[in-house]
Amino acid sequence: MVTRTDAEEVLRTLFADPAAARDRAVEELIPDPDPGIASIGHQIVGIVLRDTGETDDALRHLRQALALARRADREREGDVRATLGTTLVFAGRTRQGLAHLDRATEELTGVPLARALVLRARVLSINLERDEAGSHDLRHALQLLDRSVDDVWRARALNLDGVTKVRLGDIEGARRAFAESLDLYTELGIGWDAAVGVQNQGWVASLEGDLPIALERYAEASRRWDAMGVTSVDLVYDQCRALLAGGLATDALEVVERALVARPLAEVERADLLLALAGAALAADAPARARAAADEARLLFHRQGQEQHWIRAELIAIWARSRSTDRPARLLPRVESLIDAARRHDAPELPQALLLGARVGSRVRGPDARQLVAGWLDEAACFRNAPVGTTRALAWLAEALRRDHAGDTGGVLRACERGLSALDEHRATFGSQELRALSSGHGAELAELGTRTALASRDSRRLLRWAERWRATALAVPRATQEHDPETVADLAALRDQRRRLAEARAAGEPTERIEARAQRIEQAVRRRLLHVRGSGAGGDALDVRRLLDALAADDTVLVELTEIDGHLHALVVANGRVRRLDVGDAAAASTAVDFALFALRGAARGRRSQLDLAGARLQKALLGSALDHVGESRVVVSGTSALQGVPWGLLPGLAGRPVTSTPSARLWLRARQSSAEADRRVMLVGPGLASGGAEVPAVAAQDPSAEVLDGDDATVEASLAALDGAALAHVAAHGHFREDSPLFSSLVMADGPLLVHDLQRLTRPPHRVVLSACESGEMAPVGAQELLGLSAALLSMGTAGIVSSLGEVDDAATVEVMVALHAALRQGHGLGEAMLAAREVAAGDQVLAATAASFTALGV
C-alpha cells in the first residue's frame with residue numbers, strides 16, 4: 001500500500017527518472033482513494049507532460065491535482081498551486097501563473113515554502129528577468145533549506161542561484177553555486193538536473209569567452225539529455241549562441257531545426273527556439289528567414305512579458321530588415337525604441353543595438369540622423385574594456401567608425417588594430433583549425449575598414465600591412481596539440497572502415513544509405529570533439545615589412561600580393577626595397593578568367609584543342625594587370641586572395657618562363673623560407689585505384705635509388721603516416737577527394753581506406769615538401785574572412801614548407817614526364833619554383849604535356 005510519504009518521495013525525486021515516476025503515478029498514485037496521494041499523482045504526470053511540451057494535458061492534470069489537494073490539506077494545495085503557476089507561465093499566461101505562485105508563498109511555511117520560493121524565483125529571474133526579486137526569493141529559500149535535509153531542493157535552489165548570479169554579474173559566485181549544485185545532483189543520482197548543471201558550466205565558460213570549454217560542456221550535457229531521451233530547449237538555445245560565436249552558422253541552424261521538430265513545444269520553448277533560429281539564419285545570410293522567425297518570437301516574448309528576450313528578437317528583426325530595405329528612415333524610430341529598451345534593461349545586446357542604429361542612421365540624410373549616429377557610436381565605443389573579446393571588438397569597430405567620420409586616418413587604423421587584437425586573443429583559445437578559420441568572420445568588417453582606410457591614405461606599405469592583417473591567420477597560429485584523444489583515433493579508424501565499405505558497396509551496386517548514414521554520424525562525432533580542443537593561447541606574428549623586403553632581395557624574388565577592396569582588385573608589387581600599388585580591375589572578372597583558364601586546361605588535358613594562350617593572356621590581364629611590368633627577370637611569388645588561390649600561375653605568359661610559386665600570405669612565405677628539412681629522407685607513396693597505377697613513382701625511383709617506396713597493400717594509413725613523418729620530400733600518388741562541405745574530411749585514398757586531413761594532424765613532424773600528383777589534389781575552400789581549409793592548407797598550417805598539387809584533371813602519361821622533370825630539378829637543390837619551371841620547359845611544344853604542367857601549382861618554397 002502506498003503511503004503519503006512514499007508518494008511525496010516520488011514527487012521529490014521524479015527528475016531522477018521522469019518516465020518511471022510518471023508510470024508509477026498513473027498506476028499507483030492517481031487511483032488511490034486518498035485525495036492527497038491522488039493529487040501527487042496528477043502533479044507528477046502534469047510536470048512530466050509540461051517538460052515534454054504537452055502543455056494542455058499538463059494543465060488538465062495540474063488542475064485536477066489542485067482540486068484533490070483542496071480536499072487534503074493546505075500544504076498540499078500550496079505545493080500544487082506553485083507547480084500550476086510555473087506551468088501557466090511556460091504556457092505564456094504569465095500574469096495568471098504569477099498570481100498562483102504569489103498565493104502559494106503566502107500559504108506555505110518551512111520546506112514547502114522554500115520549494116515555492118524556488119519556483120517563483122525561476123519565473124522572476126528567467127522568465128520575467130526581475131533578477132533582484134528572484135535573488136531575494138532564493139536567499140530566503142536557501143536559509144530554509146540549509147536547516148533541512150532536503151538536498152534535492154537545495155541543489156535546485158543553488159543551481160538557480162548560479163543562474164541569477166550570472167545575470168547580476170557575479171560570475172565567480174555563480175561558478176561556486178553551480179559546482180555545489182552539480183556535486184549534490186551527482187551524489188543523489190539525479191541525471192536530469194545533473195545535465196542542467198553541466199550545461200550551466202558551459203554557459204559560464206561561454207560568458208568568459210572560453211568557447212572550446214563551453215562547446216565541450218554543452219556536448220556532455222547533450223549526451224546526458226540524449227541518454228534520457230529528452231530534448232532540452234535551454235541547451236539548444238545555449239549551444240546555438242556558442243556555435244554562432246565560433247562562426248558556425250550552419251551548425252547552429254541544424255541544431256535549432258532538429259529541436260523545433262523533436263517534440264511538442266510549450267509557447268515559452270517555441271519562442272526561445274525561434275529566437276535562436278532567427279540569429280542562426282541571419283548569420284547564415286538568410287535574412288528573410290531570420291526576419292520571419294524573429295517577428296514571431298518577438299510577439300510571443302511581448303505576450304509573455306520577457307523584455308530581455310524581446311530585445312534580442314527585435315534586434316534581429318530590424319537587422320534583417322536593414323539588409324534589404326531601401327527606406328532606412330522608416331527603421332530609425334524603431335531602432336531608437338530598441339536602444340532605449342536595451343538601456344533600460346541593461347541588456348548585453350546594447351553594443352550590437354547601438355552599432356545597428358549607427359548603420360541604419362548613416363543611410364539617412366539630415367542633421368538629426370547624423371547626431372543620433374554620433375551619439376550611438378560614442379556610447380558603443382565605451383564597451384572597449386568588456387570582458388568578452390567579441391564585445392570588445394564591436395566597441396573598437398564603433399570607435400573606428402567614429403574616427404572615420406572625423407577623418408582621422410590614424411585613429412581608424414589604431415582602433416581597427418585594437419579590435420582585431422581582441423579577436424586574436426579570443427581565437428587563440430581555439431585548438432580547432434576549422435573554428436579559428438570560421439570565427440574570422442567576426443573581424444571581417446574591422447579588416448575591411450582598415451584596408452579601405454589604408455588604401456585611401458596612399459601609403460603602399462601601410463596597405464600591404466593591412467592586406468596581410470587578416471589574411472590566412474588561422475594557418476599561421478601554432479598548433480595546440482598533435483595527438484588525438486583515444487576516442488577520436490578510434491572514430492577515425494571506424495570512419496575509414498565505413499568509407500572502405502561504402503566504396504565496395506558502390507562497386508557492387510549495393511544500397512549505400514545505411515553506410516553513408518553511419519559514416520556521417522562518425523564524422524559529426526569527430527568534428528564536434530575536435531571543436532572542444534583548446535588552443536595554445538599563442539597567435540601569429542604580424543607582418544614585418546622590412547624583414548619581408550630584405551628576404552625578397554636576398555632571394556632575388558618579387559612578391560605580388562592581390563587584395564580585394566569593395567569588389568575591386570589591387571596588386572601590391574614588393575621588390576627592390578619598395579612597395580608599389582597598382583590598380584588591376586573588377587574582382588568578379590578575375591574569378592571568371594580563372595574559371596575559363598581551368599576549363600581550357602581540362603579540355604587540353606583530354607586532348608581537345610584549347611586556347612591555352614588566350615586563356616593565359618586573359619588570366620594575366622584580369623589578375624595582375626600591369627604588375628609584371630615591374631618585376632624584371634626575378635622569381636615571382638604571388639599571394640592571391642582566398643578566392644584566388646586555385647590559379648594556374650604557370651599558364652600566364654609573363655610567368656610561364658620564370659620560377660613562380662604562390663602563398664596564402666606573405667607571412668606564411670617568410671615562415672616557409674626559414675624552415676629546412678631535418679634529413680634527406682625521400683618517400684614515395686602509391687595508393688590504390690589510380691588509372692596510372694602511380695606510374696611516375698617507379699620512373700622517379702629509378703633515378704633516385706635512395707627513395708623509400710611504399711605501395712600496394714603496404715601503403716596503409718598508419719604506414720603512410722609513419723613514412724610522411726619528418727620526410728624531406730614526400731610524393732603521394734593517390735586519389736584525392738576534396739570535401740567542399742567539410743574540407744577537413746578531405747582525404748587521400750590509401751590501401752586500407754582514406755587518409756584524412758585529421759589523420760595528418762597526428763604527425764609529430766610535418767614533411768618538409770609534399771608532391772600530390774593526382775587530379776584536383778590542390779583544392780582549398782575559402783571560408784570565414786580570407787581563410788582557407790583543405791588538405792594543402794592543413795599541411796601549410798602544420799609547417800610544411802612547400803606543396804606541389806594539381807588544380808584540375810591531368811593526363812596520366814603526361815604526369816609521368818612532368819613529375820620526372822620536377823624531381824630531377826629538386827634533387828639538384830632547386831626550389832619548387834625552379835622545379836616547376838623545369839617541368840614546364842620539358843612540356844613545351846606538346847599541348848597535353850603543357851596543359852598538364854600548367855595544371856600543377858607550387859605553394860610555398
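Because the structure is predicted, anything quoted here is derived from the model rather than measured.

## Structural notes on the nonpolar core
Now for step 1: Leu14, Leu29, Ile44, Leu464, Leu548 and Val574 are the most contacted members of the largest nonpolar core, which totals 169 residues.
Now for step 2: The leading source of residues in this core is helix H15 (residues 267-283), at 10 residues.
Now for step 3: With near-sequence residues (within four places) excluded, Leu29 lies in contact with Val2, Ala7, Arg24, Ile37, Ala38, Ile40, Gly41 and Ile44.
Now for step 4: With 39 residues, the next largest nonpolar core counts Val683, Leu724, Leu744 and Leu789 among its residues.

## Topic: the packing of aromatic side chains
Think of a pair of aromatic rings as described by two things: how far the centres are apart, and how the planes are tilted against each other in angle.
Now for step 1: Using the criterion set out here, one finds 2 aromatic pairs in the structure.
Now for step 2: Ring geometry for Phe15 versus Trp192: centroids 5.2 Å apart, planes at 45 degrees, classification tilted. Of this pair, Phe15 sits in the loop between helix H1 (4-12) and helix H2 (18-29) while Trp192 sits in helix H11 (residues 191-207), and the two are 177 residues apart along the sequence. Like Trp192, Phe15 is buried.
Now for step 3: Ring centres 5.2 Å apart and planes at 85 degrees place the aromatic pair Trp192 and Trp225 in the edge-to-face group. You can see Trp192 sitting in helix H11 and its partner Trp225 sitting in helix H12 (residues 211-227), a full 33 residues away along the chain.

## Description of the side chain of His61
Now for step 1: When you line up the elements, His61 lands in helix H4 (residues 55-70).
Now for step 2: Setting aside chain neighbours within four positions, we find His61 in contact with Ile30, His42, Val45, Gly46 and Leu49.

## Side note on the sheet that holds strand E9 (residues 736-737)
Now for step 1: With antiparallel pairing, 3 strands are arranged side by side in an open sheet as E9-E10-E11. Two strands close off the open sheet at either side, each with one partner strand: E9 and strand E11 (753-756).
Now for step 2: Sheet topology note: the E9/strand E10 (residues 747-750) ladder contains 2 bridges and is antiparallel. Considered in E10, the bridge of Gly736 is made with Leu748.
Now for step 3: Along the sheet, helix H34 (residues 717-724) makes contact with E10 and E11, crossing E11 at roughly 35 degrees.

What counts and what doesn't
- Residues numbered from 1 in each chain as written.
- Predicted model: local features only at pLDDT ≥ 70, side-chain atom pairs only at ≥ 80, totals over all residues.
- Heavy atoms only, no water.
- Core = buried A, V, L, I, M, F, W, Y, C linked by side-chain atoms within 4.5 Å.
- Buried < 20%, exposed > 50% of the residue type's maximum accessible area, 1.4 Å probe, protein only.
- Helix = DSSP H or I, 4+ residues; strand = E, 2+ residues; numbered from the N terminus.
- Contact = heavy atoms within 4.5 Å.
- Phe/Tyr/Trp six-rings, centres within 6.5 Å; stacked < 30°, edge-to-face > 60°.
- Pairing = 2+ DSSP bridges.
- Axes fitted to C-alpha atoms, helices over the stretch in contact; angles between N-to-C directions.

Note that all results are geometric; they support no functional claim without further evidence.
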